[in-house]
Amino acid sequence: MKKTNNLASKFALAAFFALGALAVTSCNKDNNESGQELPAGNSQIIVRIAGISDGENNNSKGSKSSTSNHKTSSEKSIELVSGNGFDAVIAVDNQVPSASKTPSLRAANGTPVSSNMAAGTKYRLFLYKKEGATYTYDNSYEFTVGQETPIQVKKGVSYKWVALSYNNKEAVADRGADDQLLLPENKDILFASSTADLTIGDNTSPINITFNRLFSRIGIELNTKGMFGPMNSAAVTVTGHSTKTATVDLTTGALVLAQAAHTPEISFASFINTSEGDASQKIAYYYTADETPQAIKVVVKDLNIKLDNGTNRVFSTSTLSQTQAISPERGKNHRLLLGLTESALTRDGVQWSRSNLYYKAGDATPYRFNPTNDFNAIADPRAYFSFKGHLPMTLASNDPKKQKDPCALVYPAGLWKTPTASQVGAVTSRAGLLGDLLGGVLDLVLPSKTKGTSENNKALEYAGATGANPAYNDSQNVLRFNYNGSQTKISVLSDLVSLNLGNTQGKHAAFWSSSELIDLSLLGTGVGAQSFIGYKASGLLGSATIASTGAGLLNINLLGLDVISSELMNVRCVRDQSWDIESVMPGYNPEPAL
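Residues numbered from 1 in each chain as written. Predicted model: local features only at pLDDT ≥ 70, side-chain atom pairs only at ≥ 80, totals over all residues. Heavy atoms only, no water.

Asker: Describe the overall build of the chain, listing the residues and the values that go with them.
Answerer: Counting its regular elements, the chain contains five helices and 39 strands. Classification of the 594 residues of the chain by burial places 51% in the buried group. Taking the intrachain contacts of the chain between residues at least 6 apart in sequence as the baseline, contacts between residues at least 24 apart amount to 72%. For the chain, the computed accessible surface area is about 26,300 Å², with 51% contributed by carbon and sulfur atoms. (Helix = DSSP H or I, 4+ residues; strand = E, 2+ residues; numbered from the N terminus. Buried < 20%, exposed > 50% of the residue type's maximum accessible area, 1.4 Å probe, protein only. Contact = heavy atoms within 4.5 Å. Areas by Shrake-Rupley, 256 points an atom, 1.4 Å probe, with all protein chains shown as cover.)

Written as structure tokens, this is what we have:
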């Protein structure tokens, strides 16, 4: 057995790999990649998978034309549906998340360009030999993604190739008596074919396959990212969906629709995590060659999620039922999104979050509401923010372009916001300088109680809020602001600060509004920040629970660091009523831009 012993060739090959080249051409001379001799007149080629095209530009043969009056996958709808215990963002679009360890590539408009095929996936390559102006079936080969097995073909022959996969580990059926192949039901059928003849020589380039989908892929996504906990379980039923398979012409990719329709069962067990180990976003797929519109009904009951404190929250009395129309298009993605989000407490027309905001670093959804709303004597630095700051314990930039509303970064993007001074004013009865309020200057004789307030376990509570649900604890079913205190004095040499609440913790509640105050008569000079201040005041003639709008002086461009020096306080979010308009604008993405 002879082996090639060309020293120059070996150095050239080593340099080739050192440069990171990905493609290995077919072997030269008479040897294959293993150094084994090839039969005379033969060469070999390598077949590789480039990925799956998830773009919206591939029109499957036999699909409806672009002039069809049914909804295309590029159109979308989105709305917020109010429920008992949790609300839901309901959307129909084509933004199917990638359920793999490796994120798919995306174009500038957010549309996936190519996703990887999992190792172990089977596919079959069909070769058609060119004879004059026609192509005659020659042979087929089965491959496994992740394994490169060269195939031997005749030199000097031109071929057309066709590739087919079910996008799983099932063996792909071989060609029968003709090129008409009946495809399996409810599978992710992938198809690709050469666009030019493949002529075999001594150094024929590898076949790089990018698959397109033949069927419509419909994903039903259920996520609890707006409820801040992965799903333990739920009772999910799906109706109104159906699948049909088809026969494919291997030479053209054209489909002939089957007559029989089937309804695959979709339950909670059908949903898979879109990210490994993260059960807060799940999706269930089904596939159909039929382009008849479908009215898909999804019912979610008995939702059970795990919170950050290790406890479970069970919505035993809450049911979500939604029916949405989807018009499948072959080769394209469709998504029905049910993005669950924590419901609000409503008082005097303002919808409040049930607890304060905090930041969970390193999480895919770092901005979230506390799982409980009880006073905690151990202060959590993750819940103290500067005025207009979106990171805890960090002073905000003086540049408005660099400022972000931390409430707007809660999933779904823009549904929540930091309250305005007017919204804070709906739960306060007076206003004053922050120093005077905290110092009790205004309450020396007889404090005037804020209507509807009371004190309960170091917190200011309000009567009259609606939205209670037994899935939440008592402190989250009432509008309640804990006496978590605030840091009023900051001395920094950088924009990072440390938490020092002094004696304020356990004495007053404080959270930011989004509003500045430019009032020389009140502040004396400069620009101020408005906030909520709640406490129990004691005077000479009695005590009372008081909620005030406080104004504190801001130090702009502190020490030349281009930051805003302010107090550190909690953030309590409210619903942003402009979300209904903003969410239907082109380019809206429920995933916050962190």
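Asker: So, the sheet that holds strand β11 (residues 180–182): which residues are in play, and what are the values?
Answerer: Here three strands make up an open sheet; going across it, the order is β11-β17-β18 and the pairing antiparallel. Looking along the sheet, the strands with just one partner apiece sit at the ends: β11 and β18 (255–257). Averaged over all pairs of adjacent strands, the angle between strand axes in this sheet comes to 25 degrees, irrespective of strand direction. Where β11 lies against strand β17 (residues 246–249), three bridges are found, and the strand directions are antiparallel. Across the sheet, the residue bridging to Leu182 is Thr247, located in β17. (Pairing = 2+ DSSP bridges. Axes fitted to C-alpha atoms, helices over the stretch in contact; angles between N-to-C directions.)

Asker: Give me the lowdown on the sheet that holds strand β4 (residues 86–93), citing residues and values where you can.
Answerer: Strand pairing in a sheet relies on backbone hydrogen bonds. The paired strands run either parallel or antiparallel. Taken in spatial order, the six strands of this open sheet run β3-β4-β23-β15-β20-β19, and their pairing is mixed. The two strands at the open ends of the sheet, each matched to only one other strand, are β3 (77–81) and β19 (272–275). Averaged over all neighbouring strand pairs, the angle between strand axes comes to 25 degrees, with direction disregarded.

Asker: Let's hear about the packing of aromatic side chains: which residues, and what values?
Answerer: Using the criterion set out here, one finds 17 aromatic pairs in the structure. Note on Tyr123 and Phe211: the rings are 6.2 Å apart at their centroids and 75 degrees apart in plane angle, and the pair reads as edge-to-face. Here Tyr123, found in strand β7 (residues 122–131), pairs with Phe211, found in strand β14 (residues 207–213); they are 88 residues apart in sequence, far enough to count as distant. You can call Tyr123 buried: its relative accessible area is 2%. The interplanar angle of 25 degrees and the centroid separation of 6.3 Å between the aromatic rings of Tyr285 and Tyr287 together place this pair among those described as stacked. Under the relative-accessibility criterion, Tyr287 is labelled buried at 12%. The structure contains a cluster of three or more aromatic residues connected by ring pairs, namely Trp352, Tyr462, Phe481, Phe511 and Phe532. Directly above the aromatic system of Tyr137 lies the positively charged group of Arg175, at a separation of 4.4 Å from the ring centroid. (Phe/Tyr/Trp six-rings, centres within 6.5 Å; stacked < 30°, edge-to-face > 60°. Lys NZ or Arg CZ within 6 Å of the ring centre and 35° of its normal.)

Asker: Tell me about the confidence of the model for the chain, and please be specific about residues and values.
Answerer: For the chain, mean pLDDT is 84; residues scoring 70 or higher make up 80% of the total. Contacts from residues 1–31, a stretch scored under 50 in pLDDT, to residues over four places away or in other chains number 44 contacts. Counting contacts from residues 57–74, a segment whose pLDDT is below 50, to residues more than four positions away or on other chains yields 39 contacts. (pLDDT = per-residue confidence, 0-100.)

Asker: Please set out the state of the cysteines residue by residue, giving values where relevant.
Answerer: One pass over the structure, following the stated rule, counts one disulfide. Paired through a disulfide, Cys407 and Cys573 show a sulfur-sulfur distance of 2.1 Å. Every disulfide takes its handedness from the sign of the S-S torsion; for Cys407 and Cys573 that torsion is -85 degrees, giving left-handed. Of this pair, Cys407 sits in the loop between β28 (396–397) and β29 (416–417) while Cys573 sits in the loop between β38 (563–565) and β39 (574–575), and the two are 166 residues apart along the sequence. This pair shows no difference in class: Cys407 is buried, exactly as Cys573 is. (Disulfide = S-S within 2.5 Å.)

Asker: Mind laying out the nonpolar core, listing which residues take part and the relevant values?
Answerer: With 33 residues, the main nonpolar core has Leu357, Phe369, Val410, Trp416, Val571 and Cys573 as its most contacted residues. Of all the elements in the fold, those that place two or more residues in this core are β4, β26 (357–359), β27 (367–369), β34 (508–517) and β35 (528–539). By residue number, the principal contributor to this core is β35, which donates four residues. Beyond its immediate sequence surroundings of up to four residues, Val410 is in contact with Phe228, Leu357, Tyr367, Phe369, Trp416 and Pro592. By size, the runner-up hydrophobic cluster in this structure holds 32 residues, among which are Ala88, Val238, Val300 and Ile305. (Core = buried A, V, L, I, M, F, W, Y, C linked by side-chain atoms within 4.5 Å.)

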